[in-house]
Amino acid sequence: MSVSLPEDLENELRSVANDLVSSEMVSRIWNKDASVWTGDDEAKWLGWLDIVDREKGNVAKYGAFHSDIEAAGFKDILLMGMGGSSLCPEVLGFAFDKKNFHILDSTVPARIKAIEDLIDIEKTLFMVASKSGSTLEPNCFKQYFFEKIAQKVGKEEAGKQFVAITDPGSKMEQIAKADGFRSIFYGDPKIGGRFSALSAFGLTAAASMGLDIESLLARAGEMTEACKDQGTQNPGFLLGVVLGVCRARGKNKLTIFTGEEIFDLGAWLEQLIAESTGKKGIAIIPVDREPIEPAETYSKDRVFVSLSLKGGKMAEAWKELKDSGHPFISIELDSLENIWQEFFRWEFATAVAGSIMDINPFNQPDVESAKIEARKLTDEYEHSGSLPEEVPFFTDDLGQLFSSKDQAIALSSATDQRSIAGMLTTHLDRIKTGDYFALLAYVEMSAENEELLQTIRTKVLEKYRVATCLGFGPRFLHSTGQAYKGGNDDALFLQITSDDKFDLAVPGQKYTFGIVKAAQARGDFQVLLDRGRRALRIHLGADVKSGLEKLASML
């Protein structure tokens, strides 16, 4: 790792780092001293510190699991989970090119059907990952596919195609035992989801792919030991101080560039950083997969990090940015296996940054608030058979617009052109220097839709010169959603929802996946409005591709 900072920021970094070394921060973290942060419940969430050594005792168990599923002849593996339960496995699947390993973390019916069409259901191992065991989405996914398998082989045999990864005593453990799951792997209740990469939640997925668990843990162990150093040679400590000091100086948009071989690592970093730091009205906002712009076009609220593989493919534009005077962190991995070192480095750094920010980096109160609002709506549907009526404040051929009453009045009165194009322009013109723009899309997570959404994002970036974020719902609710609601009020939001061409039933429930998706989108949007955020929602018809093309062209 190398760090390039302007001289004044480098001097401040040295001063802050020396003060923290004098206060014995590192040893206090390893002693699980909650006073490093807010003195609240942090001590009970520090199981990730020593998880690598503990998991080394389970290498044989993971090896036996891989041998078992190989012998059983499974063709595909589908991991069903949200946030910390799925993002590390997703990173591994992409990095190690495991094309038979799939992730489902969307309630959008079209996405579920697309995944179903990818796999051979009768030869698929289904992994249900949920720490609490009560998370809505993985429970729905389990019900859907368990019913599919039971119809083919009978309920008594269906469980042999399922594995649970969950904490001891959870609802999912009870379900797994009742339904005769093939295996149950247990997480550590003292590790929060976004810090669980090096626990059973990452290792079970890695074992299912046939990765060398012993070697991966050895790599992670090297970084764990390095992060025990009491001085500035500690790689996690130094990174955390850089992030914390930059945030205090208004450089809170952590812009992540990743090499082609490890491009998905940014998605894991998004959750770790946003969900950990976005609270008490402050945040470090991770910006992933944003197009690279000329150095002089970036505002002063940026800090850049590049993560690349030694000898791998990296953008030439990184070199220009590195010498541009912006804070720049460069990390080069010796091998793909060293991703496991990055998991621990960034976890430790996030804990250090959280201390500098005077927050509890291990809770996520605003994630819970969005879940509560969504649950109210699904409960209402179960009771009455319909979601509460909602009335758009404007409609034209493209779709419908929603916002709070005050924002709707303000947008309508300030817009000369009575169209969605005019309203959208007025909404975007509310962007100020130092803001960021977040595009929240509750549509199918497909390459085609992502390309169109990136086009919209790029146009906003090029016109307004602010940091831009793009997330698919409900996936981002378990990731960046915490920072959007609990962090700084320096964002402008555009939520995109749509009708569904078809819907899918959730076995055992009155509500469908389409209803769950709609409830999650509406709950998410309501919490943004309740927080006073500048937020506009555009609801498209069922032809999402056409709607997104029109949106992109009207900007």
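Coordinates for the structure precede this section.
Being a predicted model, the structure only gives us computed values, none of them experimental. (Residues numbered from 1 in each chain as written. Predicted model: local features only at pLDDT ≥ 70, side-chain atom pairs only at ≥ 80, totals over all residues. Heavy atoms only, no water.)

Now for the packing of aromatic side chains. One pass over the structure, following the stated rule, counts 29 aromatic pairs. Measuring from ring centre to ring centre gives 5.2 Å for Phe94 and Phe263, while their planes differ by 65°; the resulting arrangement is edge-to-face. Of this pair, Phe94 sits in helix H5 (residues 87-95) while Phe263 sits in the loop between strand E7 (253-258) and helix H13 (265-277), and the two are 169 residues apart along the sequence. Members of the aromatic cluster, joined through ring pairs, are Phe126, Phe141, Tyr144, Phe145, Phe146, Phe162, Phe181 and Phe513. The side chain of Arg537 reaches across the aromatic face of Phe402, ending 4.3 Å from its centre. (Phe/Tyr/Trp six-rings, centres within 6.5 Å; stacked < 30°, edge-to-face > 60°. Helix = DSSP H or I, 4+ residues; strand = E, 2+ residues; numbered from the N terminus. Lys NZ or Arg CZ within 6 Å of the ring centre and 35° of its normal.)

A few words now on the nonpolar core. Formed by 92 residues in total, the largest nonpolar core has its most connected members in Trp48, Trp268, Phe343, Trp346 and Phe348. Per element, the largest residue contribution to this core is 10 residues, and it comes from helix H15 (residues 339-356). Ignoring anything within four residues of it in the chain, the contact list for Trp48 reads Lys190, Ile191, Phe195, Phe344, Glu347, Phe348, Ala351 and Phe362. Counting residues in each nonpolar core, the second largest holds 34 residues, with Ile115, Phe145, Phe146 and Ala150 among its members. (Core = buried A, V, L, I, M, F, W, Y, C linked by side-chain atoms within 4.5 Å. Buried < 20%, exposed > 50% of the residue type's maximum accessible area, 1.4 Å probe, protein only. Contact = heavy atoms within 4.5 Å.)

With respect to the helices and strands, Arg345 occurs in helix H15. For Arg345, a relative accessible area of 7% translates into the label buried.

The terminal C-alpha atoms of H15, which comprises 18 residues, lie 26 Å apart, in line with the 26 Å expected from a rise of 1.5 Å per residue. Among the 18 residues in H15, 17 count as buried, and that is most of the element. Just downstream of H15, Asp358 is the residue with a positive phi angle, here 60°. (Expected span 1.5 Å × (residues − 1).)

Glancing now at the sheet that holds strand E1 (residues 2-4). With mixed pairing, the 5 strands of this open sheet are ordered in space as E1-E10-E9-E7-E8. Both edges of this open sheet fall to E1 and strand E8 (285-288), since each of them pairs with a single strand only. This sheet shows a mean twist of 20° between the axes of neighbouring strands, independent of strand direction. The pairing of E7 with strand E9 (residues 302-309) spans 6 bridges and is parallel. Bridge pairing in E9 links Ile256 to Val305. Seen against the sheet, helix H12 (residues 235-248) touches E1, E7, E9 and strand E10 (328-333) and runs at an angle of roughly 155° to E10. Contacts from H15 reach E7, E9 and E10 within the one sheet, and its direction differs from that of E10 by about 145°. (Pairing = 2+ DSSP bridges. Axes fitted to C-alpha atoms, helices over the stretch in contact; angles between N-to-C directions.)

Attention shifts here to the packing of helix H4 (residues 59-72) against helix H10 (residues 200-208). Contact pair H4 / H10: the axes reach a minimum separation of 8 Å and the direction vectors enclose 40°. Classified by the angle between their axes, H4 and H10 sit oblique to one another. Two packed elements cross with a definite hand, and for H4 against H10 that hand is right-handed. Listed contacts from H10 to Tyr62, Phe65, His66 and Ile69 of H4 are Ala200, Leu203, Thr204, Ala207 and Ser208. Considered class by class, the residues forming the contact of H4 with H10 number 6 nonpolar, 3 polar and no charged. (Parallel < 35°, antiparallel > 145°, perpendicular 65-115°, else oblique. Left-handed = near helix turned anticlockwise from the far one by under 90°. Nonpolar A, V, L, I, M, F, W, Y, C, P; charged D, E, K, R; others polar.)

Turning our eyes to something else, we now look at empty space enclosed by the protein. Scanning all chains against the criterion turns up 2 cavities of 30 Å³ or more. In this structure, the largest cavity spans a volume of roughly 260 Å³. Forming the walls of the largest cavity are 17 residues, and the residues nearest its centre are Glu270, Leu470, Gly471, Phe472 and Arg475. A per-class count over the lining of the largest cavity returns 7 nonpolar, 4 polar and 6 charged. (1 Å grid on protein atoms, 1.4 Å probe; cavity = no way out; pocket = protein on both sides within 12 Å on 5 of 7 lines; lining within 4 Å. Points joined across faces, edges and corners; volume = space filled by probe spheres on them.)

Attention shifts here to helix H7 (residues 136-153). Along its 18 residues, H7 runs 26 Å from first to last C-alpha, staying within 8% of the 26 Å computed at 1.5 Å per residue. Considered for burial, the residues of H7 that qualify are Leu136, Glu137, Pro138, Asn139, Cys140, Phe141, Lys142, Tyr144, Phe145, Phe146, Ile149 and Ala150. Where H7 ends, the next residue or the one after it, Gly154, has phi of about 95°, a positive value.

Here the amide bond leading from Gly473 into Pro474 is cis, since omega sits at 5°, within 30 degrees of zero. Turning to its location among the elements, Pro474 is positioned in the loop between strand E14 (467-472) and helix H20 (481-486). One non-glycine residue with positive phi stands out, namely Lys280, at about 55°. You can see Lys280 is positioned in the loop between H13 and E8. The residue Asp358 is not glycine, and still its phi comes out positive at about 60°. If you trace the backbone, Asp358 turns up in the loop between H15 and helix H16 (365-384).

With that settled, consider the layout of surface pockets. Within this model, the largest pocket holds a volume of roughly 720 Å³. Residue lining of the largest pocket: 32 residues in total, with Ser132, Thr135, Glu368, Lys371 and His478 positioned closest to the centre. Per element, the largest residue contribution to the lining of the largest pocket is 6 residues, and it comes from H16. Its residues assigned to classes, the lining of the largest pocket shows 11 nonpolar, 13 polar and 8 charged. Estimated volume of the second largest pocket: approximately 550 Å³. Breaking the lining of the second largest pocket down by element, the ones donating at least two residues are H5, strand E3 (101-104), helix H6 (109-118) and helix H19 (447-464). Residue contributions to the lining of the second largest pocket peak at 4 residues, all from H5. A breakdown of the residues in the lining of the second largest pocket according to their chemical character gives 9 nonpolar, 3 polar and 10 charged.

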